[in-house]
Amino acid sequence: MSDTLVDIKKVVKEFHTGKVAVQALRGVDLVVKTGDFMAIVGPSGSGKTTLLNIIGALDIPTGGSVNLFDRNLSELSRKDRADLRLHQLGFVFQAYNLVPVLTARENVEFVLELQGEGNGRETTALATLESLGLADLADRRPTEMSGGQQQRVAVARAVASKPKLVLADEPTANLDSENAETLLKMMRDLRDTHDMTFVFSTHDPLVVSYASRVVTLRDGVVVSDEQRNGDEIGED
Ligand SMILES: Nc1ncnc2c1ncn2[C@@H]1O[C@H](COP(=O)(O)OP(=O)(O)O)[C@@H](O)[C@H]1O
Ligand SMILES: [Mg+2]
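Residues numbered from 1 in each chain as written. Chains lettered and ligands numbered in written order. Predicted model: local features only at pLDDT ≥ 70, side-chain atom pairs only at ≥ 80, totals over all residues.

Colleague: Go over the site of ligand 1, please, and point to the residues and values.
Modeller: If you check the shell around ligand 1, you find Phe 15, Thr 17, Val 22, Ala 24, Gly 42, Ser 44, Gly 45, Ser 46, Gly 47, Lys 48, Thr 49 and Thr 50 and nothing else. Counting only elements with at least two residues in the shell around ligand 1, the list comes to β1 (4-17), β2 (20-33) and α1 (48-55). A total of three residues in the shell around ligand 1 trace back to one element, the largest contributor, which is α1. The class makeup of the residues in the shell around ligand 1 is three nonpolar, eight polar and one charged. (Near = placed C-beta within 6 Å. Helix = DSSP H or I, 4+ residues; strand = E, 2+ residues; numbered from the N terminus. Nonpolar A, V, L, I, M, F, W, Y, C, P; charged D, E, K, R; others polar.)

Here you go:
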């Protein structure tokens, strides 16, 4: 495996609503490397969510090519793409999307079950929550947690099976700055200790300040791609 996780070339995505066609992405080139802690920024409607969905094999482009883990997505069946998502990727969404009737531990276990994990699920789920400082929340349901806590559990769920790449669409959108920073530090620790790569979209300058790389979208094209030293923010 090379250290290129994602290689996107000339990607176009067109949506048709009624008679109008909207070009959400208009020729995007992007390479994501192992260890990137990448922020995708840009005004609302610039194509951030569309791009993340394409990177995550949740959606297929109208044109161009997408290579994910050295596999050309256009050559994969729907089922292969679903397997790739389930086993190699982690997702965190803006609305935490925890299952409301399940506790934090059960939410994590549920994804491990989908992934075909056998016995050890409960142990893995608890160990993941513990390693992220969330052991106290293990038996709580989403309604018994704050927004920040729910989002931390959502990250625990996304990373429990140690995916290579975690995609997060505006993960801090519903959090105050203190909770946002806690979440970012948690994600960055995972990047450092487990070789995970993170790509997240955001509007928030605080979140951007943590990034090691900032990609700016405008009207469906990449207008800048900068290396930063956000890795050092918040270190003692
Ligand atoms: N499912 C869809 N159907 C039609 N238009 C869409 C759809 N998803 C996104 N778009 C349009 O594509 C453009 C980019 O949207 P999006 O990727 O959601 O931007 P962002 O996440 O940066 O706000 C917008 O003009 C949006 O209205
Ligand atoms: Mg969006």
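Colleague: Explain the sheet that holds strand β10 (residues 221-227) to me, using residue names and the numbers behind them.
Modeller: On the basis of which strands lie adjacent, the open sheet formed by six strands has the order β6-β7-β8-β3-β9-β10 and mixed pairing. Of all strands in the sheet, those with a lone pairing partner are β6 (89-92) and β10, marking the two edges. Neighbour to neighbour, the strand axes of the sheet diverge by 15° on average, direction disregarded. With six bridges joining them, strand β9 (residues 213-218) and β10 adopt antiparallel strand pairing. Bridging across to β10, Val 215 finds its partner in Asp 225. (Pairing = 2+ DSSP bridges. Axes fitted to C-alpha atoms, helices over the stretch in contact; angles between N-to-C directions.)

Colleague: Break down the nonpolar core for me, with residues and values.
Modeller: Residues Met 38, Ile 40, Val 166, Leu 167, Phe 198 and Val 199 are the most contacted members of the largest nonpolar core, which totals 61 residues. With six residues, helix α5 (residues 147-159) is the single largest residue contributor to this core. Once residues lying within four places of it in the same chain are set aside, the contact partners of Val 166 are Gly 90, Val 92, Ala 158, Val 159, Met 196 and Phe 198. (Core = buried A, V, L, I, M, F, W, Y, C linked by C-beta atoms within 7 Å. Buried ≥ 20, exposed ≤ 12 C-beta atoms within 10 Å, placed from the backbone. Contact = placed C-beta atoms within 7 Å.)

Colleague: Kindly report on the sheet that holds β2, identifying the contributing residues and their values.
Modeller: Strand pairing in a sheet takes place through backbone hydrogen bonds and is either antiparallel or parallel in direction. Strand order in this open sheet of four strands is β2-β1-β4-β5, and the pairing throughout is antiparallel. In this open sheet, the two edge strands, each paired with only one partner strand, are β2 and β5 (71-72).

Colleague: Residue-level account of helix α4 (residues 121-131), with values.
Modeller: Every buried residue belonging to α4 is among Ala 125, Thr 128 and Leu 129, and all of these are buried. Axial view of α4: buried residues confined to an arc of 95°, hence all on one face. Gly 133, located one to two residues past α4, shows a positive phi value of around 75°. (Arc of directions from axis to C-beta.)

Colleague: Which residues make up the packing of helix α3 (residues 104-114) against α4, and what values go with them?
Modeller: Relative orientation of the contacting elements α3 and α4 amounts to 125°, with a least axis distance of 9 Å. If you check the angle between α3 and α4, you find them oblique. With respect to the hand of their crossing, α3 and α4 are arranged in right-handed fashion. Taken together, the residues of α4 that come into contact with α3 (itself represented by Ala 104, Arg 105, Val 108, Glu 109, Leu 112 and Glu 113) are Arg 121, Glu 122, Thr 124, Ala 125, Leu 126, Thr 128 and Leu 129. Residue classes in the contact of α3 with α4 are distributed as six nonpolar, two polar and five charged. (Parallel < 35°, antiparallel > 145°, perpendicular 65-115°, else oblique. Left-handed = near helix turned anticlockwise from the far one by under 90°.)

Colleague: Before we move on, can you summarise the packing of α3 against α5 with the specific residues and values?
Modeller: It is the contact of α3 with α5, at a shortest axis distance of 8 Å, that shows an interaxial angle of 25°. Relative to α5, the element α3 is oriented roughly parallel. Taken as a pair, α3 and α5 cross one another with a handedness that is right-handed. Here α3 contributes Ala 104, Asn 107, Val 108 and Val 111 to the contact with α5, which in turn contributes Val 153, Ala 156 and Arg 157.

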